[in-house]
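This is what each chain is made of:
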Amino acid sequence: QVRLVESGGGLVQAGGSLRLSCARSGSIYSIRAMGWYRQAPGKQRELVAALPSTGNTNYADSVKGRFTISRDNAKNTVYLQMNSLKPEDTAVYYCTVNAVLTPTQAPRDYWGQGTQVTVSS
């Protein structure tokens, strides 16, 4: 069973910074990608940043130059450093992993429970 637990959310003033963490537990055969999504009230969930096992990182246009996704394999943790935060960044942020648990299993997405980020103006 794969479990993702996000932390680091909170209330911050515009222009401030937060670092989100997503700790993974459970055995995984291989990871294809890790990423962060967010969902604001009344809006659809949207991709914020993706970190594939191969290839380049991807960022939503709205966060490019302000957010950075990274991972620490030794700690089974993925991070999202968020700088120059804006009120429109307010949302619940979700960590996700696309992974395969066994060599014969098809890849699937796993999600954390989300962490609230609120940016005040």
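Conventions and cut-offs
- Residue indices begin from 1 for each chain and proceed along its sequence in written order.
- Only residues with pLDDT of at least 70 are given local features in this predicted model, and only at 80 or more are side-chain atom pairs given and counted; all residues enter the totals for whole chains, interfaces and linings.
- Working from all heavy atoms in the structure, the side-chain values ignore hydrogens and water.
- Secondary structure follows DSSP: runs of H or I at least 4 residues long count as helices, runs of E at least 2 residues long count as strands, and numbering of each begins at the N terminus.
- With the radius of gyration taken over C-alpha atoms, the globule rule is written as 2.2 Å times the number of residues to the power 0.38.
- To sort residues, take the accessible area from a 1.4 Å probe on protein chains only and compare it with the maximum for the residue type: under 20% means buried, over 50% means exposed, and anything in between is partly exposed.
- A contact between two residues is defined here by any heavy atoms of the two lying within 4.5 Å.
- All accessible-area figures derive from a Shrake-Rupley calculation using a 1.4 Å probe, and residue coverage is judged against the displayed protein chains alone.
- Positive charges come from Lys and Arg alone, negative charges from Asp and Glu alone, with His and the N- and C-terminal ends not counted.
- Charge placement uses NZ in Lys and CZ in Arg. For Asp and Glu, CG and CD serve respectively.
- Disulfides are defined in this document as cysteine sulfur pairs within 2.5 Å.
- Among buried residues, those of type Ala, Val, Leu, Ile, Met, Phe, Trp, Tyr and Cys that are joined through side-chain atoms within 4.5 Å constitute a nonpolar core.
- Here the rule is simple: two strands pair whenever DSSP picks up at least two bridges between them.

Engineer: Looking at this structure, how should I read the overall build of the protein?
Structural biologist: Counting secondary structure elements, the protein contains 0 helices and 11 strands. For 121 residues, the compact-globule estimate of 2.2 N^0.38 gives 14 Å, and the protein sits close to it at 14 Å. Principal axes of the C-alpha set define a box for the protein whose edges measure 50 × 30 × 25 Å. In the protein, which comprises 121 residues, the share counted as buried stands at 40%. By sequence separation, contacts in the protein at least 24 residues apart represent 56% of the contacts at least 6 residues apart. Within the structure as shown, the protein displays about 6600 Å² of accessible surface, and the carbon and sulfur contribution to it stands at 46%. Taking the average place of the 13 positive charges on the side chains of the protein and the average place of its 7 negative ones, the gap between the two points comes to 5 Å.

Engineer: Would you mind showing me how to read the state of the cysteines here?
Structural biologist: A covalent bond between the sulfur atoms of two cysteines is what we call a disulfide. According to the stated counting rule, one finds 1 disulfide in the structure shown. One disulfide in the model links Cys 22 with Cys 95; its S-S distance is 2.1 Å. Its S-S torsion of approximately -75° makes the covalent link between Cys 22 and Cys 95 left-handed. Here the residue Cys 22 occupies a position in strand 3 (residues 18-25), and Cys 95 occupies one in strand 9 (residues 91-100), the gap between them amounting to 73 residues. The pair Cys 22 / Cys 95 is uniform in exposure class, with both members buried.

Engineer: Honestly, unusual backbone geometry in this entry has me stumped. Any pointers?
Structural biologist: The phi angle of most residues is negative, glycine excepted, and most peptide bonds adopt the trans form. With a phi angle near 50°, Asn 76 is a residue other than glycine that sits in the positive phi range. With respect to the secondary-structure elements, Asn 76 resides in the loop between strand 7 (67-72) and strand 8 (77-82). Even without glycine at this site, Ser 84 takes up a positive phi of about 50°. With respect to the helices and strands, Ser 84 occurs in the loop between strand 8 and strand 9.

Engineer: Whenever I open this one, the nonpolar core confuses me. Can you help?
Structural biologist: Within soluble globular proteins, side chains that are nonpolar generally end up buried alongside one another. Of all hydrophobic cores here, the largest spans 30 residues; its most connected members are Trp 36, Val 48, Phe 67, Leu 80, Met 82 and Tyr 93. Secondary structure elements with two or more residues in this core: strand 3, strand 4 (30-39), strand 5 (46-52), strand 7, strand 8, strand 9 and strand 11 (115-120). Counting residues per element, this core draws most heavily on strand 9, which supplies 5 residues. Contact partners of Phe 67, with chain neighbours within four places excluded, come to Arg 38, Val 48, Tyr 59, Leu 80, Gln 81, Met 82, Asn 83, Leu 85, Asp 89 and Tyr 93.

Engineer: Looking at this model, I keep getting lost on the pairing of strand 5. Mind explaining?
Structural biologist: Looking along a regular strand, one sees side chains alternate from face to face of the sheet. In this structure, strand 4 lies alongside strand 5, joined through 6 bridges in antiparallel fashion. Bridged to Tyr 37 within strand 5 is Leu 47. With antiparallel pairing between neighbouring strands as the criterion, strand 4 and strand 5 make up a hairpin whose turn holds 6 residues, including Gly 42 at a positive phi of roughly 80°. Between strand 5 and strand 6 (residues 58-59), which pair antiparallel one after the other, the connecting turn spans 5 residues, and Gly 55 there sits at a positive phi close to 100°.

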